[in-house]
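Results of the structural survey
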Amino acid sequence: MLLYRVRRLLASLFVKANILTILVGVLGYVMGSYLLLSAAGEHEIVDPANFIYWLIVTASTVGYGDFSPVTPAGKVVVATWVIPFGLSLFALVLTKVGFVISEFVHRGKRGLRMTNHVNHTVIIGWNGTRTLRLIELLLSKTNGTATDIVLCVEADIENPMPGKIDFVRVESFSHIESMQRAALVDAARIIIDNPLDDVTLTTALFCDKLSPNSHKTAYFQDENVGELLRSHCPNIECIPSVAVELLAKSSLDPGSARLHRQLLDSTYGMTQYSIEYQGERPLLFSALFDHFKKNLSATLIAVRRQGIVKIDVNPALTDEVNRGDMLYYISAKRLTEKRCFDIKMNEGEGTGTCLPS
């Protein structure tokens, strides 16, 4: 009965032990060992150059044998104090360290750990294989230079892509304390893709308030809900479902669905990209078109004027492109800003004209 109570007491102390308790225990063990061995006349062992080394080797049961007690009292101290209590403390420290590491890893898998990313991409919502495909496309579309990706979900799942993305599980997409773990304030891009449009709507409104400077994209099955969000938050890019439109287009122009899929899929073939024009002078679309085609093996297809939602697809060659306009092009890979606009002006023509360098 006494042995059972002692075991319960030790188990209770082990469970309740924290860092302070362990440090106090280790300090008491070291001081007790030193005093007892000194009193037993073990002068070689308690020598400052040998004591800590010998105590760690003995307590961990390694036991090199280079130092050992030589007095009868010293042998009793080692057998009744140093080894039994040393083994217990050694096992306690190792187990606690293992628990801390295991808890840290599992908290990350369960999405309970705080992230500290900056200029990262946050994906809010879980749609199974569609979300996994979205992550794969984001990783591949940036030629391996993607910023960190954080997946934020309500579903009771673990990180589906450990080692590639960070993972946050929240109580609600409008719960500010748990959403802060995804570092929304410092995010560069936020993608909202929930199975329910009403959840997407409320989440988008929440994100617009918490992270006003990030680029936000929201997917809606019902285009009317997207229009409602756009009326309140014009800076959020609303993506409607285009399944019906692609069905009709493919029936009239065979292969259209495959073409659109290839333009969106960066894992093979030509893909559509965008870049903001940062040149100091306005340029004619014809000059940019020639430069992209001849020097970069890319095709300019559209321009979106700064401050205007509508995109001009296949604009006239005489149209002017100004600083801040968004250019859309088709290319085998994403182009850098330096390569896109590394062109020189043709002094023989107007200031709005340029030739490829």
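Scroll up for the structure.
The paragraphs below set out a description of the structure included in this document. (Residues numbered from 1 in each chain as written. Predicted model: local features only at pLDDT ≥ 70, side-chain atom pairs only at ≥ 80, totals over all residues. Heavy atoms only, no water.)

Before going further, it helps to spend a moment on unusual backbone geometry. Phi is positive for Asn 119, which is not a glycine, with a value near 55°. Positionally, Asn 119 belongs in the loop between helix H4 (72–110) and strand S1 (121–124). Given a relative accessible area of 46%, Asn 119 falls into the partly exposed group. The phi torsion at Ser 297 lies on the positive side, around 55°, for a residue other than glycine. Among the secondary structure elements, Ser 297 is positioned in the loop between helix H11 (285–296) and strand S9 (299–304). (Helix = DSSP H or I, 4+ residues; strand = E, 2+ residues; numbered from the N terminus. Buried < 20%, exposed > 50% of the residue type's maximum accessible area, 1.4 Å probe, protein only.)

What follows concerns the sheet that holds strand S4 (residues 189–192). Read from one edge to the other, the open sheet built from six strands follows the order S3-S2-S1-S4-S5-S6, with strand pairing classed as parallel. Bordering the open sheet on either side are strand S3 (166–169) and strand S6 (237–240), each of which pairs with just one other strand. Recorded for the sheet is a direction-independent mean angle of 20° between the axes of neighbouring strands. Pairing of S4 with strand S5 (residues 215–220), which is carried by four bridges, proceeds in the parallel orientation. Directly across from Ile 190, in S5, lies its bridge partner Lys 216. Where helix H7 (residues 197–210) meets the sheet, it contacts S1, S4 and S5, and its direction lies at approximately 170° from that of S5. (Pairing = 2+ DSSP bridges. Axes fitted to C-alpha atoms, helices over the stretch in contact; angles between N-to-C directions. Contact = heavy atoms within 4.5 Å.)

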